[in-house]
Amino acid sequence: MKKVRAAITGVGGYVPDYVLTNKELETMVETTDEWITTRTGIKERRILKGDNLGVSVLGINAVKDLLAKTKVDPKEIDLIIFATVTADMTFPATANIVATAVGATNAWSYDMGAACSGFLFGLTTGASFIESGMYKKVIVIGGDKMSAILDYTDRTTCIIFGDGAGAVLLEPTTEDVGVMDSILKSDGSGESYLHMKAGGSRRPASLETVNARQHFVYQEGSAVFKFAVTNMADVSAQIAERNNLTADTISWLAPHQANKRIIDATANRVGIGENKVMMNIERYGNTTAGTIPLLLWDYEKKLKKGDNIIMAAFGGGFTWGAVYVKWAYNSN
Ligand code: UT7
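Asks: Provide a residue-level description of the overall build of the protein, including the pertinent values.
Replies: For the protein, the helix and strand inventory stands at ten helices and 13 strands. Taken over C-alpha atoms, the radius of gyration comes to 19 Å for the protein, in line with the 20 Å a tight globule of 332 residues would show. Here the C-alpha coordinates of the protein stretch approximately 60 × 45 × 35 Å along the principal axes. In the protein, which comprises 332 residues, the proportion classed as buried is 56%. Accessible area of the protein: about 14,100 Å², with a carbon and sulfur share of 52%. The centroid of the 34 positive side-chain charges in the protein is displaced by 3 Å from the centroid of its 36 negative side-chain charges.

Here it is, written out as structure tokens:
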């Protein structure tokens, strides 16, 4: 019997309208367009403005785009996984809110908290439900409303992140395409370098935590940078090697968009040129779990059936990983 794999059969995405440029950030913190561009590659990012609008808004719009493009009836969806670290509320899961809003009334749903690697963790677990034969249609969303947890007086973090979400549909196939392999890692000793100090059960919200500005991203940037460069490149090289992929047979690298210098280092390690590296960091910044599905959304028209894509990410946790996907369709 032929092996059942999970094919990505559609991509949807959504970024909010408001564009926060480096120029505008120059008026908010002591920084320059030149510093941000040369140190990160980012020119602008999108921000979800408005009261009472959470990451669910991004996820709902991404899934609606996906369902419209694939013409799939939401009632056929079996499972929705939402990778995010900026859930609307601590509970219920934002995936539940999205499922109901898009009419996926027969789906069950849950959130996946793996920071910047969340989409790859979600993609791999979503694919497993398909490979096991349990489900026929799984949606994996990656998205974050990072503006909700950024300190816009801290120039070391507020310049990097933005808001956005992407979503993919997974369906079974017996063709030689789909999610082929994955290497996923986590290491809790990374906690001290990248976290949010308060608002969880260890340090619940209080007047003190608010006054101490502890409900924002805390990051030791240069330490995280070093771990990211090494680990993202390592897993990318490993997954290429164990699947006999070379610079010639890799069609695309889809790397987490945290910093152009980390992306370049990963591409160099795998030995591929810029023309094969998906990149949109200059327009969206780092949308955490949103970066990789938003890359697929932006590059979908260029992708061809059989393309070998290596997706790679590194982020808070630490979490990191690489997934090898053989693209399953030509879009026209
Ligand atoms: O996606 C989740 C995982 N996160 C990452 O992968 C992020 C990894 N880290 C990075 O991308 C980089 O470390 C940053 C972009 C966050 C920072 O870049 P860096 O080249 O590592 O800078 P640095 O932190 O070593 O700081 C160098 C200098 C410092 O000044 P001094 O001490 O040398 O005088 C900073 O104060 O740059 C200064 N600086 C800035 N200057 C202008 C830091 N942020 C800014 C800024 N504008 N926005």
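Asks: Tell me what's going on with the domain arrangement of the protein, and back it up with residues and numbers.
Replies: Once the domains are mapped, the protein shows domain 1 (5-179) and domain 2 (181-276 + 299-326). Once you take the C-alpha centre of each, domain 1 and domain 2 turn out to be 15 Å apart. In total, about 2,400 Å² of surface goes out of reach between domain 1 and domain 2, with carbon and sulfur atoms giving 61% of it. Counting the contacts that link domain 1 with domain 2 gives three salt bridges. Here K69 makes a salt bridge to E300, at a shortest N to O gap of 2.7 Å. Linking domain 1 to domain 2 there are eleven residue pairs in polar contact (both at pLDDT 80 or more). Contributing elements (two or more residues each) for the side of domain 1 that touches domain 2: β1 (5-14), α2 (33-40), α5 (118-131) and β8 (178-186). Counting residues per element, the side of domain 1 that touches domain 2 draws most heavily on α5, which supplies five residues. Its residues assigned to classes, the side of domain 1 that touches domain 2 comprises 16 nonpolar, eight polar and five charged.

Asks: So what about the sheet that holds β8? Which residues, and what values?
Replies: Judged by pairing direction, the sheet is mixed, and its four strands sit side by side in the order β8-β13-β12-β11 without closing on themselves. Two strands lie at the open edges of the sheet, namely β8 and β11 (252-255), each paired on one side alone. Sheet twist, expressed as the average angle between the axes of neighbouring strands with direction ignored, equals 15°. Note: β8 against strand β13 (residues 319-326), eight bridges, orientation antiparallel. Paired with I183 across the strands is A322, a residue of β13.

Asks: Mind laying out unusual backbone geometry, listing which residues take part and the relevant values?
Replies: Across the junction of F91 and P92, the peptide omega takes the value 0°, indicating a cis bond. Positive phi, normally seen in glycine, also occurs at K71, with a value near 55°. Taking relative accessible area as the criterion, K71 reaches 74% and is therefore assigned exposed.

Asks: Mind laying out helix α4 (residues 94-102), listing which residues take part and the relevant values?
Replies: For α4, the complete set of buried residues consists of T94, A95, V98, A99 and V102. For α4, the angular spread of the buried residues around the axis is 140°, confining them to a single face. Packed against the buried residues of α4 are α3 (55-70), β4 (79-83), β5 (108-112) and β6 (138-145). Once α4 ends, the next one or two residues include G103, with phi positive near 85°.

Asks: Explain the packing of aromatic side chains to me, and be specific about the residues and the numbers.
Replies: One pass over the structure, following the stated rule, counts ten aromatic pairs. For the ring pair F129 and Y135, a centre distance of 5.5 Å and an interplane angle of 40° mean the geometry is tilted. Aromatic rings pair up to connect Y193, F227, F314, F318 and W320 into one cluster. Note that K197 overlies the ring of Y218, its terminal NZ or CZ placed 3.9 Å from the centroid. For R283, the ring lying beneath its charged end belongs to Y284, and the centroid distance is 4.9 Å.

Asks: Break down the site of the ligand for me, citing the residues and quoting the values.
Replies: Looking at the ligand, there are 23 residues lining it, with T31, R39, R155, N259 and N286 nearest. A distance of 2.7 Å separates a nitrogen atom of the ligand from a polar side-chain atom of T31. About the coverage of the ligand: the protein hides 72% of its 940 Å² of free accessible area. Elements represented by at least two residues in the shell around the ligand include exactly α2, α7 (221-242) and α8 (260-270). Along the lines of polarity and charge, the residues of the shell around the ligand split into ten nonpolar, nine polar and four charged. When residues of the shell around the ligand are assigned to domains, at least three fall in each of domain 1 (5-179) and domain 2 (181-276 + 299-326).

Conventions adopted
- Residues numbered from 1 in each chain as written.
- Predicted model: local features only at pLDDT ≥ 70, side-chain atom pairs only at ≥ 80, totals over all residues.
- Heavy atoms only, no water.
- Helix = DSSP H or I, 4+ residues; strand = E, 2+ residues; numbered from the N terminus.
- Rg over C-alpha atoms; globule rule 2.2 N^0.38 Å.
- Buried < 20%, exposed > 50% of the residue type's maximum accessible area, 1.4 Å probe, protein only.
- Areas by Shrake-Rupley, 256 points an atom, 1.4 Å probe, with all protein chains shown as cover.
- Lys, Arg positive; Asp, Glu negative; His and termini not counted.
- Charge placed at Lys NZ, Arg CZ, Asp CG, Glu CD.
- Domains from an automatic or database assignment.
- Buried area = accessible area lost by both parts, 1.4 Å probe.
- Salt bridge = Lys/Arg side-chain N within 4 Å of Asp/Glu carboxyl O.
- Polar contact = N/O pair within 3.5 Å; in protein donor to acceptor, adjacent residues only side chain to side chain.
- Nonpolar A, V, L, I, M, F, W, Y, C, P; charged D, E, K, R; others polar.
- Pairing = 2+ DSSP bridges.
- Axes fitted to C-alpha atoms, helices over the stretch in contact; angles between N-to-C directions.
- Arc of directions from axis to C-beta.
- Contact = heavy atoms within 4.5 Å.
- Phe/Tyr/Trp six-rings, centres within 6.5 Å; stacked < 30°, edge-to-face > 60°.
- Lys NZ or Arg CZ within 6 Å of the ring centre and 35° of its normal.
- Near = heavy atom within 4 Å.

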